Number of protein chains: 4
Amino acid sequence: MGSEAEPRAHTGRRRNEATRHAVLAATVGLLRDAEHGPLTLPVIAAAAGVGRQTVYRWWSTPGEVLLEALAEQASAQVPTPDTGSLDADLRVFLERTLRGAAAPATAPVLRGLAREAARDEQAAELLRTFTATRRAALRGLLLRHADRLAPDVDVDLLVDQVYGLLWYRLLIGHAPLDEDTARRLAEGLVAAAGVAPSDWTRSSTGPAGGG
Amino acid sequence: MGSEAEPRAHTGRRRNEATRHAVLAATVGLLRDAEHGPLTLPVIAAAAGVGRQTVYRWWSTPGEVLLEALAEQASAQVPTPDTGSLDADLRVFLERTLRGAAAPATAPVLRGLAREAARDEQAAELLRTFTATRRAALRGLLLRHADRLAPDVDVDLLVDQVYGLLWYRLLIGHAPLDEDTARRLAEGLVAAAGVAPSDWTRSSTGPAGGG
Amino acid sequence: MGSEAEPRAHTGRRRNEATRHAVLAATVGLLRDAEHGPLTLPVIAAAAGVGRQTVYRWWSTPGEVLLEALAEQASAQVPTPDTGSLDADLRVFLERTLRGAAAPATAPVLRGLAREAARDEQAAELLRTFTATRRAALRGLLLRHADRLAPDVDVDLLVDQVYGLLWYRLLIGHAPLDEDTARRLAEGLVAAAGVAPSDWTRSSTGPAGGG
Amino acid sequence: MGSEAEPRAHTGRRRNEATRHAVLAATVGLLRDAEHGPLTLPVIAAAAGVGRQTVYRWWSTPGEVLLEALAEQASAQVPTPDTGSLDADLRVFLERTLRGAAAPATAPVLRGLAREAARDEQAAELLRTFTATRRAALRGLLLRHADRLAPDVDVDLLVDQVYGLLWYRLLIGHAPLDEDTARRLAEGLVAAAGVAPSDWTRSSTGPAGGG
DNA sequence: GACTAATCGAGACGGTACGTCGCGTCTTACA
DNA sequence: TGTAAGACGCGACGTACCGTCTCGATTAGTC
């Protein structure tokens, strides 16, 4: 976004909710644009069509605005699938995750968040919290199928391979994050981490399941 | 670094090589410090104890200084091992790669490079080139053992899992890049990508070893 | 003054007279303080402990408030004496005028008025009107004794010498406006403007009196 | 003035004298215009066509610029006449003084100085110093003719009547400061302050001189 | 005695000006 | 000729203040 909005009506001595939303929306909009340089409060104010003092009144730093803006979006809610099969759960989760991250509405925001994290400690903390939440989700999924994993497998390593790949491709941009990638990645992780599956277990979801 | 250096003697009408090195060293030093904000030429000049005009005369942008500074370091030269065994080659390569990246002298520079890449397009291009070179090295290693890989394996996916993990942990900092990580990662990749290995090979490291 | 006042009770849909007086009193109080910067409506409102909108509702500019505030004071009413003697009338008038201007309650207000007149055209107009009134009073006094004045005397010059001295000393502050000044000034003016006085008149106050 | 000037060439690491003069000239120019509000450094910088930082580098406050700007003008050098005659000296001095103050090039600057003095303590101090110098000049002139003055005459009172009249008319603007005013004022002061002159002295200028 | 009407204190809001900070250009003085 | 030094114009940042606007509380008049 980054363009100005129409004027808003005052709300008297109460805080103007419309203004608040305009600021948060403009912030996410600016995060999308790589063109705009550092995310500063005056730039946010201008993009939101809001007085500078209004932004400074409610937020101290760009990081605070960012935190609230992204929280407002209830961003990237990837539900954890639960089909009973590790293979299927993982494949679905990765498909959803990669598709969500690569979506045109999301990818620029994630890139913008990383860009800000490289510049602003508050944004970096925000990014750390955000990624920790995502890692926990995937770790939970894997641990639900602990019986299918080798006993000494390093779950965190598996998790970081997934999100490492995701951010690496997202930021470098040399390769896609498509459905095929998700499928192959899921298979590879299962092959790397899993004990040889029992036939009957495998047969329930596996491609080679007995007919 | 980031601190001032002692004065250097003029060299008259010849370009002062000591000054050049001071600038490049100060640049790498600044890259290490997350404290310092954006890497700009005046900051570099001040850190090198050098006149601003001297820096502007020889380099146009911070990206150019960065390029020359990192090239000067011949940084992160990880030789590709060649033992004849995929498992061994991969394990050694990953151990060297992760150890090199996590080394106290290197990690802050890589983080600094990523930080600058988030801000400066030239630095981003530099980072893209650098990572492409590294990916090519690992891809070459894997392709040397193409007979050990499943015919339809996605080599790029394997490569990106490695460097994705590396950068992800390097930048988020939530988990280490130690030797154990390298070993487990190597095993996982082989398990994911490899055809069934010869027994004697597998038995040396494989989870199913030892009856 | 310039400090806040205690809260006042509402008077419903009638204009609150107490508020009006608080505003006017605060205005005069602020005029006294050279510390306070320009006299603006928000500053007046704050000093009066009154909502800004209340001030803006009843007055448009600081000049309007000032006009009403000074009119309220019916300030500096110097009655014109009439003893029949030019010397006595003039001496008494000047004593009263200088004493009034130099009084601790008045001098800071006059200085403040001059200060505002240097900034606000409305205040300047107010000051011009005020000074014109004062000049007219003194001119009237002198013209009542036209027979004692030389026929070609410039009455306006005499008047401006008086008020010029007054404002000059008031604003620069390098010399007092005391009773002795008034007496000597009166004598000087009579000497400068008067025809030779009747002996008995002169002998009453003149330097050559004493007998 | 108040308009922008053409760009100036840099002078390297030496202070740019052309810039300095541009700032001082613009300051006096702004002082002339009553339109321009308070004399602030950014306004001066804009009027001089100079970067703000350049003004802030060399002067801390508008008062400092003002001091230097007026000193640069070597302003209002009224040479003290010395003809041997009180009447003549005084008349000439007052004519020069009033003519100088009322001159189109000077009057607006004096008014501007008074305007700033009403707002800025540094400018007020400058005005006090300036007026003190002028008073001393006139007092010196009068004291040179102490034998012509009554022994108990208040010289300061005479001086302040002169400058009081000058500033009063200059600022209120209700009456002119012309040659006739100067002549009449001089006569009045001599009449007020002088002992009865010897006949031959009086006859030279006095209106009632026998002859 | 409820309802309307208008005042009052409070503070959010958009806009503007101020003083600071940093970048990149330019010119000098010196080696 | 190259280097250190620093003045300079420009623009962004964060703060302060002005005048407008709306809100909720309070009280005076009206039916």
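Residues numbered from 1 in each chain as written. Chains lettered and ligands numbered in written order. Predicted model: local features only at pLDDT ≥ 70, side-chain atom pairs only at ≥ 80, totals over all residues. Heavy atoms only, no water.

### Some thoughts on the overall build of chain A
Moving on, step 1. Regarding its fold elements, chain A presents 10 helices and 0 strands.
Moving on, step 2. Along its sequence from the N terminus, chain A presents helices and strands in the succession α-α-α-α-α-α-α-α-α-α.
Moving on, step 3. Classification of the 211 residues of chain A by burial places 44% in the buried group.
Moving on, step 4. Approximately 10,400 Å² of chain A is accessible, and the part contributed by carbon and sulfur atoms is 54%. (Helix = DSSP H or I, 4+ residues; strand = E, 2+ residues; numbered from the N terminus. Buried < 20%, exposed > 50% of the residue type's maximum accessible area, 1.4 Å probe, protein only. Areas by Shrake-Rupley, 256 points an atom, 1.4 Å probe, with all protein chains shown as cover.)

### Here we look at the domain arrangement of chain A
Residue and element names in this part refer to chain A.
Moving on, step 1. Domain boundaries assigned for chain A yield domain 1 (7–61) and domain 2 (78–199).
Moving on, step 2. Listed as interface residues are 10 residues of domain 1 and, on the opposing side, 9 residues of domain 2.
Moving on, step 3. Summed over both sides, the interface of domain 1 with domain 2 buries roughly 730 Å², with 51% coming from carbon and sulfur.
Moving on, step 4. The interface formed by domain 1 and domain 2 includes 0 salt bridges.
Moving on, step 5. Counting across the interface, domain 1 meets domain 2 through 6 residue pairs in polar contact (both at pLDDT 80 or more).
Moving on, step 6. Its residues assigned to classes, the side of domain 1 that touches domain 2 comprises 6 nonpolar, 2 polar and 2 charged. (Domains from an automatic or database assignment. Contact = heavy atoms within 4.5 Å. Buried area = accessible area lost by both parts, 1.4 Å probe. Salt bridge = Lys/Arg side-chain N within 4 Å of Asp/Glu carboxyl O. Polar contact = N/O pair within 3.5 Å; in protein donor to acceptor, adjacent residues only side chain to side chain. Nonpolar A, V, L, I, M, F, W, Y, C, P; charged D, E, K, R; others polar.)

### A few points about the interface of chain D and chain C
Moving on, step 1. Listed as interface residues are 29 residues of chain D and, on the opposing side, 29 residues of chain C.
Moving on, step 2. A buried area of about 2,500 Å², summed over both sides, lies between chain D and chain C, and 62% of it is on carbon and sulfur atoms.
Moving on, step 3. In this structure, the salt-bridge partner of Asp160 of chain D is Arg169 of chain C, at a minimum N-O distance of 2.5 Å.
Moving on, step 4. Joining chain D to chain C, the criterion identifies 8 residue pairs in polar contact (both at pLDDT 80 or more).
Moving on, step 5. Elements represented by at least two residues in the side of chain D that touches chain C include exactly helix H7 (121–144), helix H8 (155–172) and helix H9 (179–193) of chain D.
Moving on, step 6. When residues of the side of chain D that touches chain C are assigned to their parent elements, the largest contribution, 11 residues, is made by H8 of chain D.

### Examining helix H8 (residues 155–172) of chain C
All names here are of chain C.
Moving on, step 1. Compared with an ideal rise of 1.5 Å per residue, which puts 18 residues at 26 Å, H8 spans 25 Å between its outermost C-alpha atoms and is within 8% of the ideal.
Moving on, step 2. Burial analysis of H8 places 16 of its 18 residues in the buried class, which makes it a mostly covered element.
Moving on, step 3. At the C-terminal side of H8, Gly173 shows a positive phi close to 80°. (Expected span 1.5 Å × (residues − 1).)

### What to know about the side chain of Thr131 of chain D
Moving on, step 1. Of note, Thr131 of chain D is situated in helix H7.
Moving on, step 2. The residues touching Thr131 of chain D, leaving out its near neighbours within four places in the chain, are Tyr168 and Ile172 of chain C together with Trp167 of chain D.

### Describing the protein's contact with DNA strand E
Moving on, step 1. The environment of DNA strand E is made up of 50 residues, and the closest members are Trp58 of chain A, Thr40 of chain B together with Gly12, Thr40 and Tyr56 of chain D.
Moving on, step 2. A share of 66% is what sugar and phosphate atoms reach among the atoms of DNA strand E within 4 Å of the protein.
Moving on, step 3. Arg13 of chain C places a side-chain nitrogen or oxygen 3.3 Å from a sugar or linking oxygen of DNA strand E.
Moving on, step 4. The separation between a base nitrogen of DNA strand E and a polar side-chain atom of Gln53 of chain D is 3.1 Å.
Moving on, step 5. Mapped onto the surface near DNA strand E, the elements with two or more residues apiece are helix H3 (52–58) of chain A, helix H2 (41–48) and helix H3 (52–58) of chain B, helix H3 (52–58) of chain C together with helix H2 (41–48) and helix H3 (52–58) of chain D.
Moving on, step 6. Taken together, the residues that form the surface near DNA strand E break down as 11 nonpolar, 23 polar and 16 charged. (Near = heavy atom within 4 Å.)

### A word on the relation of the copies chain D and chain C
Two chain copies, one operation linking them: a rotation about an axis together with a shift along it.
Moving on, step 1. Mapping chain D onto chain C calls for a screw motion: a turn of 179° about the axis and a shift of 0.0 Å along it, with 0.3 Å RMSD after fitting. What the superposition gives is, in effect, a two-fold axis relating one chain to the other. Within chain D, the C-alpha atom positioned nearest to the axis of rotation is that of Gly164 of chain D, 2.0 Å from it. (Least-squares fit on C-alpha atoms with pLDDT ≥ 70 in both.)

### Brief notes about the relation of the copies chain A and chain B
Moving on, step 1. Superposition of chain A onto chain B requires a rotation of 179° combined with a translation of 0.0 Å along the rotation axis, giving an RMSD of 0.2 Å.
Moving on, step 2. Counting the interface residues of chain A, we find that 100% of their copies in chain B are interface residues as well, pointing to one common contact surface.

### Some details on the packing of aromatic side chains
Moving on, step 1. Using the criterion set out here, one finds 0 aromatic pairs over all chains in the structure.
Moving on, step 2. Looking at Arg15 of chain C, its charged tip hangs above the ring of Trp59 of chain C, at a distance of 5.3 Å from the centre. (Phe/Tyr/Trp six-rings, centres within 6.5 Å; stacked < 30°, edge-to-face > 60°. Lys NZ or Arg CZ within 6 Å of the ring centre and 35° of its normal.)

### Re the interface of chain A and chain B
Moving on, step 1. In this assembly, 29 residues from chain A lie in contact with 29 residues from chain B.
Moving on, step 2. In this assembly, chain A packs against chain B so that about 2,500 Å² is buried in total across both faces, 62% of it on carbon and sulfur atoms.
Moving on, step 3. At the junction of chain A and chain B, the tally comes to 2 salt bridges.
Moving on, step 4. Those elements giving two or more residues to the side of chain A that touches chain B turn out to be helix H7 (121–144), helix H8 (155–172) and helix H9 (179–193) of chain A.
Moving on, step 5. A per-class count over the side of chain A that touches chain B returns 14 nonpolar, 6 polar and 9 charged.

### Quick notes on the protein's contact with DNA strand F
Moving on, step 1. Lining the immediate surroundings of DNA strand F are 53 residues, of which Thr40 and Tyr56 of chain A, Arg57 of chain B, Thr40 of chain C together with Trp58 of chain D lie closest.
Moving on, step 2. Atoms of DNA strand F within 4 Å of the protein belong to the sugar or the phosphate in 66% of instances, the rest to bases.
Moving on, step 3. Interatomic distance of 2.4 Å between a side-chain N/O atom of Tyr56 of chain A and a phosphate oxygen of DNA strand F.
Moving on, step 4. If you list the elements that add at least two residues to the surface near DNA strand F, you get helix H2 (41–48) and H3 of chain A, H3 of chain B, helix H2 (41–48) and H3 of chain C together with H3 of chain D.
Moving on, step 5. In terms of residue class, the surface near DNA strand F is made up of 10 nonpolar, 25 polar and 18 charged.

### Details of the pattern of salt bridges
Moving on, step 1. For the structure shown, the criterion picks out 60 salt bridges over all chains.
Moving on, step 2. Of the charged contacts, one joins Glu95 of chain B and Arg91 of chain B as a salt bridge, the two residues approaching to 3.8 Å between their closest N and O atoms. One end of the pair, Glu95 of chain B, and the other, Arg91 of chain B, are both in helix H5 (residues 86–102), 4 residues apart, so they sit about a helical turn from each other.
Moving on, step 3. Since its relative accessible area comes to 27%, Arg91 of chain B is described here as partly exposed.
Moving on, step 4. In this structure, Arg20 of chain D and Glu17 of chain D form a salt bridge, with 2.8 Å as the shortest nitrogen-oxygen distance. One end of the pair, Arg20 of chain D, and the other, Glu17 of chain D, are both in helix H1 (residues 17–32), 3 residues apart, so they sit about a helical turn from each other.
Moving on, step 5. By relative accessible area, which is 37% here, Glu17 of chain D ends up partly exposed.

### Regarding the packing of helix H9 (residues 179–193) of chain C against H9 of chain D
Moving on, step 1. Here H9 of chain C crosses H9 of chain D at 115°, and the two axes come no closer than 7 Å. Between H9 of chain C and H9 of chain D lies a crossing of right-handed hand. Taken together, the residues of H9 of chain D that come into contact with H9 of chain C (itself represented by Gly188, Ala191 and Ala192 of chain C) are Gly188, Ala191 and Ala192 of chain D.
Moving on, step 2. For the contact of H9 of chain C with H9 of chain D, a count of residues per class yields 4 nonpolar, 2 polar and no charged. (Axes fitted to C-alpha atoms, helices over the stretch in contact; angles between N-to-C directions. Left-handed = near helix turned anticlockwise from the far one by under 90°.)

### As for the environment of Glu17 of chain D
Moving on, step 1. Separated by 122 residues in sequence, Glu17 of chain D and Arg139 of chain D have C-alpha atoms that sit 38 Å apart.
Moving on, step 2. Here the side chain of Glu17 of chain D touches Arg20 of chain D through a polar contact of 2.8 Å, side chain to side chain.

### Looking at the environment of Ala124 of chain A
All names here are of chain A.
Moving on, step 1. Residue placement: Ala124 occurs in helix H7.
Moving on, step 2. The buried category is assigned to Ala124, whose relative accessible area is 10%.
Moving on, step 3. The spatial distance from the C-alpha of Ala124 to the C-alpha of Ala114 is 7.7 Å, given a sequence separation of 10 residues.

### Describing the packing of H8 of chain A against helix H8 (residues 155–172) of chain B
Moving on, step 1. Orientation of H8 of chain A relative to H8 of chain B, taken along the N-to-C sense of each, is 95°, at an axis distance of 7 Å. What the angle tells us is that H8 of chain A and H8 of chain B run roughly perpendicular. Packed against H8 of chain A, whose contacting residues are Asp156, Leu157, Asp160, Gln161, Tyr163, Gly164, Leu165, Trp167, Tyr168 and Arg169 of chain A, the element H8 of chain B presents Asp156, Leu157, Asp160, Gln161, Tyr163, Gly164, Leu165, Trp167, Tyr168 and Arg169 of chain B at the interface.
Moving on, step 2. Each residue belonging to the contact of H8 of chain A with H8 of chain B can be placed in one class, and the counts come to 10 nonpolar, 4 polar and 6 charged. (Parallel < 35°, antiparallel > 145°, perpendicular 65-115°, else oblique.)

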